[in-house]
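Next come the chains, spelled out residue by residue.
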Amino acid sequence: MPPSVPSLPRRVARTLRTSLFAQVVCALVLGIVVGKLWPDTATAFQPLGDGFTRLIKTVISPLVFCVVVVGIAKAGDLKAFGRIGVKALIWFEVASTAALVIGLVAANVVGPGKGMNVDPSSLNAAAVDQSTGGGQLPSTTEFVLNALPESFVGAFAENELLQVLILACLVGAALLHLGHTRVPKILPAIDQAQEVIFTVVGFIMRLAPIAVFGAMAHLVGNYGLGVMKTYAKLIVLCYVAAALFVALLAVALWMVTGLSLWKFLRYIREEMLLALGTASTESVMPRVMQKLRRAGARDDAVGLVLPTGYSFNLDGASLYLSIGTLFIAQAVGVDLSLGQQVTVVLVLMLTSKGMAGIPGSAFLALSATASSLGAIPAGAVALLLGVDRIMDSMRVVTNLLGNCVAVFAVSRWEGALDIERAKKVLDGETVAEDLKGGDEPVPAEVPAQKTKETVPDAS
């Protein structure tokens, strides 16, 4: 007798029960519906998304510390780690500059703000201060000083990733200097702590659909869908420019590593959808680190490049800032010369580096740019208040993909990428459990086996 085929309802129920991707999709749709039908009630669901993000943030700093320390100690080459850092910074600067230039060219060609003829005096500049909490972006000196930890515990307590990275590098270097014979128990303890943290991440990720529902219901309920009609030209331009930049990333990834960005996107589609739903790349950082390591990138490269990219490689934000600056200028009738637009790029190259983790950072960066030019009223930034949250999806996708491509590219550049393993994993093939010599713990959601493991395609 042929085996019985489960009915459609049972197959759907099984998919919803076992697939995080399906659960997040359903939560996303449900959140939009609730936000549209009951906007007043929907805004009360915001704590669901915020609570999930807070839980994830609690494990990011210790996870980055463990991955970097273990990566340095097991790689056994501190000079190689330094080379990875330098190459990562070079890649970040090239990618961010390319994003800024693409944004400026797109805004000049399309002119999303032309014809609006907005009177700057009619705008509510106080709303910008309310959105940013009266804060300001740090200067270059302040940014560098803030990256240096004042205390070991404080870096973790305040979730300062750059400070945690510096501490991890120091500890990893100390372990290399002392050698395994003098401190034989430290490295295994950190390695085991890493496995515990990954297991905790697996537990937290089960709450992801609830977080996506809460975040989307609040977004739609608070801002509505009507704002998309008012700013349709600007929104479409930003997303098209982001798609062009992602296409360039795909070409760069293929030329440098021979890997397909589309296959990688399928591989991390759960994490990408979660990042879209919560409007936060931090919410998926632990899982993305885990998947990059499984896809053949060496621990030290993943541990250094990805967290650093969260501060230095905000490609999506760079696109948005360049387009937003020209949109504001066009809307208030200011014609920026080529020299002023070059100044925009130079200013944004600096201001975009200090944006991570600062409330209302996009408005602060735009205000700083407007002030540096002197031709655009700083209060005109209020024009973007209504559309800023709609741009979150574009920024999240572009930022996340840009940093993942950076990990692969820098790893390949440094010889820290197992290309064969990467291709097999992205193709969804069965690979040997430990092609890296036993250094990589089996992820919490994949049962450990003695000989082989099947790497799922993220669904």
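Predicted, not measured: the structure shown is a model, and the values here were computed from it. (Residues numbered from 1 in each chain as written. Predicted model: local features only at pLDDT ≥ 70, side-chain atom pairs only at ≥ 80, totals over all residues. Heavy atoms only, no water.)

Undergrad: Which residues make up helix α21 (residues 392-414), and what values do they have?
TA: Here α21 spans 33 Å end to end across 23 residues, near enough to the 33 Å set by a 1.5 Å rise per residue. Across the 23 residues of α21, 19 count as buried, placing the element largely inside the fold. Gly415 sits one or two residues past α21 and shows a positive phi near 75 degrees. (Helix = DSSP H or I, 4+ residues; strand = E, 2+ residues; numbered from the N terminus. Expected span 1.5 Å × (residues − 1). Buried < 20%, exposed > 50% of the residue type's maximum accessible area, 1.4 Å probe, protein only.)

Undergrad: Go over the packing of helix α9 (residues 161-178) against helix α17 (residues 299-312), please, and point to the residues and values.
TA: Direction vectors running N to C along α9 and α17 enclose 150 degrees, while the axes themselves pass 9 Å from each other. Looking at the two axes, α9 sits roughly antiparallel to α17. Of the two elements, α9 crosses α17, and the hand of that crossing is left-handed. Between α9 and α17, the residues in contact are Leu161, Leu162 and Leu165 and Gly303, Leu304, Pro307, Thr308, Ser311 and Phe312, respectively. Looking at side-chain class alone, the contact of α9 with α17 contains six nonpolar, three polar and no charged residues. (Axes fitted to C-alpha atoms, helices over the stretch in contact; angles between N-to-C directions. Parallel < 35°, antiparallel > 145°, perpendicular 65-115°, else oblique. Left-handed = near helix turned anticlockwise from the far one by under 90°. Contact = heavy atoms within 4.5 Å. Nonpolar A, V, L, I, M, F, W, Y, C, P; charged D, E, K, R; others polar.)

Undergrad: Hey, could you go over α17 for me, with residue numbers and the actual values?
TA: The terminal C-alpha atoms of α17, which comprises 14 residues, lie 20 Å apart, in line with the 20 Å expected from a rise of 1.5 Å per residue. The buried count for α17 comes to 13 of 14 residues, which makes it a mostly enclosed element.

Undergrad: An account of a nonpolar patch on the surface is needed here, citing residue identities and associated values.
TA: Together, Val25, Val29, Val33, Leu37 and Trp38 make up a nonpolar patch on the protein surface, roughly 450 Å² of accessible area in all. In this fold, Trp38 is placed in the loop between α2 (20-37) and α3 (39-42). (Patch = residues over 30% accessible without salt bridge, like charges linked within 9 Å, V, L, I, M, F, W, Y side chains within 5 Å. Areas by Shrake-Rupley, 256 points an atom, 1.4 Å probe, with all protein chains shown as cover. Salt bridge = Lys/Arg side-chain N within 4 Å of Asp/Glu carboxyl O.)

Undergrad: Provide a residue-level description of the packing of helix α10 (residues 186-205) against helix α16 (residues 285-294), including the pertinent values.
TA: In contact at an axis separation of 10 Å, α10 and α16 are set at 120 degrees when each is read in the N-to-C sense. When the interaxial angle is binned, α10 and α16 end up oblique. In the crossing of α10 with α16, the sense of the turn from one axis to the other is left-handed. Packed against α10, whose contacting residues are Gln194, Phe198, Val201 and Met205, the element α16 presents Pro286, Arg287, Gln290 and Arg293 at the interface. Residues belonging to the contact of α10 with α16 are distributed by class as follows: four nonpolar, two polar and two charged.

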